[in-house]
Amino acid sequence: MEQAPLDPERQLPPAPLEPLGRSDAGLEATGGEEAEGSRDAGSGVDTMTENNFWLKKIEISVSEAEKRTGRNAMNMQETYTAYLVETRSVEHADGQSVLTDSLWRRYSEFELLRNYLLVYYPHIVVPPLPEKRAEFVWHKLSADNMDPDFVERRRIGLENFLLRIASHPILCRDKIFYLFLTQAILTEILWSSQIGPTEFYYSADSRLKALNATFRVKNPDKRFTELKHYSDELQSVISHLLRVRARVADRLYGVYKVHGNYGRVFSEWSAIEKEMGDGLQSAGHHMDVYASSIDDILEDEEHYADQLKEYLFYAEALRAVCRKHELMQYDLEMAAQDLASKKQQCEELATGTVRTFSLKGMTTKLFGQEAPEQREARIKVLEEQINEGEQQLKSKNLEGREFVKNAWADIERFKEQKNRDLKEALISYAVMQISMCKKGIQVWTNAKECFSKM
Amino acid sequence: MGRSFGDKDLILPNGGTPVGTSSPASSSSLLNRLQLDDDIDGETRDLFVTVDDPKKHVCTMETYITYRITTKSTRVEFDLPEYSVRRRYQDFDWLRNKLEESQPTHLIPPLPEKFVVKGVVDRFSEEFVETRRKALDKFLKRITDHPVLSFNEHFNVFLTAKDLNAYKKQGMALLTRVGESVKHVTGGYKLRTRPLEFAAIGEYLDMFALKLGTIDRIAQRIIKEEIEYLVELREYGPVYSTWSALEGELAEPLEGVSGCIGNCSTALEELTDDMTEDFLPVLREYILYSDSMKSVLKKRDQVQAEYEAKLEAVALRKEDRPKVPADVEKCQDRMECFNADLKADMERWQNNKRQDFRQLLMGMADKNIQYYEKCLTAWESIIPLLQEKQEAK
């Protein structure tokens, strides 16, 4: 059973027949619709009007998370979280959606999907997955993988991941992605027959090469070098930002919570006072309110942190594209070098001159000239190889140009998406700060009112 | 003995005891005063004292700060309508001791703490001097507002004398004698029953001091947390600037956020400074105040104990004689005066405390509101900047 019997009609999702208006416009729309407030509500407004067939037809959501216990490959007991991936098709006329598929996936399956995408779409900045383990958290948040808050945030992150793919002009048409959404039973076969080997190839060979290639590429593309530099910087600045933000959150938490002690002491103090008593007592109550208000504030801020985190991981995805380009450039240069050396050999044989000192030159000198037939035969072989090499180089060149073109298009798309997303994230962050200030003003105004009655 | 005056036999350099003012501390006049407190001060007050203009003096032996004390008064005890003298902390200390000696039945306001461990606080720093100036000003104002203490002749000298040191030396000789009459009765006597109301005051003060101590610790902790928060914010803002240097279109919004965080940091620093300079000292003053109150209460208990002991002795000796000896009567008199003074002072203190705390806590709320308002303005100002860019695109 090498290939599962797939209904040909369903092999591809109802992919857009026309080019999308804006490559990633759909995400904002779906984000607004489905993630329910996980993105800023205002963002969807302008993008909703965009033409987007794929998203009009299908809604994707990760609607639930469930803790499960099972046995792994080693027959060891393990606990993991499964996420319910739901797909709905939306009727054009009334906007009603019908549940078409619903299946459970675990995080590792999402990882497989992503690895597959990385291999098959080397020129695309593949959307990142949410973190496997909580990072950059302030101390009040649990870093436990099974923590309900963490699971919930990861659920949102995984949903966002699927929506990012669904709104990508190329990735959204991928067959495996479609199967991921719809075929629960087929997965095992698919993973083993298609992704398995590729993943092996990818991790064992390419990655290694990719890492070393950095030092060997002679003529790096300046644009990609700059991009790589940018992604390094972006990664470092965002991780620094996240780290400091976690500390800022910690301190802010401290400031608010210590105010809670006023609540208690005012209340105790009020017991021994006559005229001042009532005012103190109720002011104490407001201090309690103040102290507990920080929990919600920081929880909201965590969403901002998650938005930044996505781009922290995007930086890695960006770098992956650069690395692949580098590898390709390396291959090209190697092929060119190989061709050049063969050409030189051929020329040497033909003219009988040795330009550079070589072992071959030495043997020739020592043992005399070979027979002309032998030489002819060797020249012929070399010429064939040169021909082949030229063809190869040509195709590699072509491939490279194609890669650069595609990759650059996706990078442009990515940049636009990034600018829009981050601007929105900053706006929502500012909105959060504003709401925190307003809450603060409210509480202190109430407290002042109480104090004034003392 | 004149009501509430333990300084009857003092030689007064300004001449005359403030007769006729012996009972302004009665509850009715207190009520008046309170109502008037809400009025414009100028109308009813006839004595104004301010402490300002601290100056550093460097001598061969020592370095110290003097403060200018300006007095304006229409009272007959003052020859001139206005005085201006310079005094240093130890002069204030001298005044307080004098007041405690000469008015043992009254609650003397506290002075700011004498000294903190050397090196921990810079005694000549602007903040320290300013905080102390405020506390000294408060100290004199409390005396000025007191219906009895404000007429004390030491106070008068303190406010007016050109050469206070000369007066101090002159006073030394008298000190011991005056001290006699008010010397604490040390040991021996055990109080039978403390009257309920004084017992209640005692308990109240213990509790009050305890709670204020807690509030003081909380406030310090908050300031500490805020300072640490400030440190983090100072690092947080610039990260956005660093990021903005990498970006094209995002540069401006990121720079905006960075500036915003900068503004919030400044607002936070102001809040912290206000709390350190205005909130904590008042709190501390009241902690010291409750200590003064407790010591007066203790003195009262001793006077009562003395009376009770005398009464007991009389009862044991002459059971059948109905007449109580004069000295016992005098002692009873003294106790009753003490009780009356103390009650009046306590009441006044309670009212002051209520007003001071109302003001203090409202001030704290105000400072926090102002802080949030500044942050609010900062954040609101960058929203249109971000949105405009978005729409323009």
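As the structure is a prediction and not an experimental result, all values here were calculated from the model.

Criteria and thresholds
- Residues numbered from 1 in each chain as written.
- Chains lettered and ligands numbered in written order.
- Predicted model: local features only at pLDDT ≥ 70, side-chain atom pairs only at ≥ 80, totals over all residues.
- Helix = DSSP H or I, 4+ residues; strand = E, 2+ residues; numbered from the N terminus.
- Contact = placed C-beta atoms within 7 Å.
- Pairing = 2+ DSSP bridges.
- Axes fitted to C-alpha atoms, helices over the stretch in contact; angles between N-to-C directions.
- pLDDT = per-residue confidence, 0-100.
- Buried ≥ 20, exposed ≤ 12 C-beta atoms within 10 Å, placed from the backbone.
- Core = buried A, V, L, I, M, F, W, Y, C linked by C-beta atoms within 7 Å.
- Nonpolar A, V, L, I, M, F, W, Y, C, P; charged D, E, K, R; others polar.
- Domains from an automatic or database assignment.
- Expected span 1.5 Å × (residues − 1).
- Parallel < 35°, antiparallel > 145°, perpendicular 65-115°, else oblique.

Caption draft 1: Layout of the overall build of chain A. Regarding its fold elements, chain A presents 11 helices and three strands. Along chain A, helices (α) and strands (β) appear in the sequence α-α-α-β-β-β-α-α-α-α-α-α-α-α when read from the amino end. The long-range share in chain A, meaning contacts at least 24 apart out of those at least 6 apart in sequence, stands at 76%.

Caption draft 2: Spatial organisation of the overall build of chain B. A count of helical and extended segments in chain B gives nine helices and three strands. The linear arrangement of helices and strands in chain B, starting from the amino end, is α-α-β-β-β-α-α-α-α-α-α-α. A sequence separation of at least 24 residues applies to 75% of the contacts in chain B between residues at least 6 apart.

Caption draft 3: Local environment of the sheet that holds strand 2 (residues 63-73) of chain B. All names here are of chain B. The strand order across the open sheet built from three strands is 1-2-3, with neighbouring strands paired in antiparallel fashion. At either end of the open sheet lies a strand with only one pairing partner, and these are strand 1 (47-58) and strand 3 (82-88). Neighbour-to-neighbour, the strand axes of the sheet open up by a mean angle of 20 degrees, direction not taken into account. Bridge count between strand 2 and strand 3: seven bridges; the pairing is antiparallel. Across the sheet, residue Thr 71 finds its bridge partner in strand 3, namely Tyr 83. On the sheet, helix 4 (residues 126-145) packs against strand 1 and strand 2 and is oriented at approximately 150 degrees with respect to strand 1.

Caption draft 4: The confidence of the model for chain A, seen in detail. When pLDDT is averaged along chain A, the result is 78, and 72% of the positions lie at 70 or above. Across residues 1-55 of chain A the pLDDT falls below 50, and counting only partners more than four positions away or on other chains, this stretch makes 81 contacts in the model.

Caption draft 5: Unusual backbone geometry, seen in detail. Residue and element names in this part refer to chain B. Unusually for a residue other than glycine, Asp 53 sits at a positive phi of about 50 degrees. Looking at where Asp 53 falls in the secondary structure, it is placed in strand 1. Classification of Asp 53 by C-beta neighbours within 10 Å gives partly exposed; the count is 13.

Caption draft 6: Just the nonpolar core, in detail. Within the largest apolar cluster, 137 residues are counted, with the highest numbers of intra-cluster contacts made by A:Leu252, A:Ala283, A:Ala447, B:Cys375 and B:Trp379. For this core, the leading source of residues is helix 8 (residues 222-270) of chain A, giving 18 residues. Sequence-distant contacts of B:Trp379, defined by excluding residues within four places in its chain, comprise A:Ala430, A:Gln433, A:Ile434, A:Cys437 and B:Cys260.

Caption draft 7: Layout of the pairing of strand 2 of chain B. Residue and element names in this part refer to chain B. Here strand 1 runs beside strand 2; their pairing, made up of 10 bridges, is antiparallel. Its bridge partner being in strand 2, Val 58 is matched across the sheet by Thr 63. With antiparallel pairing between neighbouring strands as the criterion, strand 1 and strand 2 make up a hairpin whose turn holds four residues.

Caption draft 8: Geometry of the environment of A:Asn446. Residue and element names in this part refer to chain A. In this fold, Asn 446 is placed in helix 11 (residues 372-452). When the 17 C-beta atoms within 10 Å are taken as the criterion, Asn 446 is described as partly exposed. In sequence terms Asn 446 and Tyr 83 are 363 residues apart; their C-alpha atoms lie 44 Å from each other.

Caption draft 9: How the structure looks around the interface of chain A and chain B. Opposite the 44 residues of chain A that make contact, chain B presents 46 residues. Those elements that place two or more of their residues in the side of chain A that touches chain B are helix 8 and helix 11 of chain A. It is helix 8 of chain A that contributes the most residues to the side of chain A that touches chain B, 21 residues altogether. Taken together, the residues that form the side of chain A that touches chain B break down as 26 nonpolar, nine polar and nine charged.

Caption draft 10: Expanded view of the environment of B:Ala378. All names here are of chain B. For Ala 378, the location among the structural elements is in helix 9 (residues 326-392). Measuring from C-alpha to C-alpha, the distance between Ala 378 and Ser 150 comes to 49 Å, with 228 residues separating the pair along the chain. Beyond its immediate stretch of four places on either side in the chain, Ala 378 contacts Cys 260, Asn 263 and Cys 264.

Caption draft 11: Summary view of the domain arrangement of chain B. All names here are of chain B. Split by domain assignment, chain B resolves into domain 1 (34-183) and domain 2 (201-392). Taken together, the contacts link 13 residues of domain 1 with 17 residues of domain 2. At five residues, helix 4 tops the list of elements feeding residues into the side of domain 1 that touches domain 2. Looking at the side of domain 1 that touches domain 2, its residues break down into seven nonpolar, three polar and three charged.

Caption draft 12: Quick look at helix 3 (residues 89-102) of chain B. Between the first and last C-alpha of helix 3 of chain B there are 20 Å, a value that for 14 residues agrees with the 20 Å anticipated at 1.5 Å per step. Those residues of helix 3 of chain B that fall on the buried side of the exposure criterion are B:Asp91, B:Phe92, B:Leu95, B:Lys98, B:Leu99, B:Glu101 and B:Ser102.

Caption draft 13: Representation of the packing of helix 9 (residues 277-351) of chain A against helix 11 of chain A within the structure. All names here are of chain A. Packing of helix 9 against helix 11 brings their axes to within 8 Å, and their N-to-C directions diverge by 170 degrees. Between helix 9 and helix 11, the crossing angle belongs to the class labelled roughly antiparallel. In the contact of helix 9 with helix 11, the residues fall into 33 nonpolar, 15 polar and 13 charged.

Caption draft 14: Just the packing of helix 8 of chain A against helix 9 of chain A, in detail. All names here are of chain A. The geometry of helix 8 relative to helix 9 is characterised by a closest axis approach of 8 Å and an angle of 170 degrees between their N-to-C directions. Considering the angle they form, helix 8 stands roughly antiparallel to helix 9. The residue inventory of the contact of helix 8 with helix 9, partitioned by class, reads 27 nonpolar, 14 polar and eight charged.

Caption draft 15: Quick peek at the environment of B:His106. Position of B:His106 among the secondary structure elements: in the loop between helix 3 and helix 4. Counting along the chain gives 194 residues from B:His106 to B:Arg300, while the straight-line C-alpha distance between them is 10.0 Å.

Caption draft 16: Examining the confidence of the model for chain B more closely. Residue and element names in this part refer to chain B. When pLDDT is averaged along chain B, the result is 81; 78% of the residues meet or exceed 70. When the elements of chain B are averaged for pLDDT, helix 1 (residues 27-37) gives the smallest value, 42, and helix 7 (residues 196-244) the largest, 94. This model gives residues 1-42 a pLDDT under 50, and the stretch forms 56 contacts once residues within four places in sequence are excluded. Per-residue pLDDT stays below 50 along residues 177-188; that stretch engages in 14 contacts with residues further than four places along the chain or on separate chains. Among the prediction metrics, the complex's ipTM stands at 0.79, with pTM recorded as 0.79.

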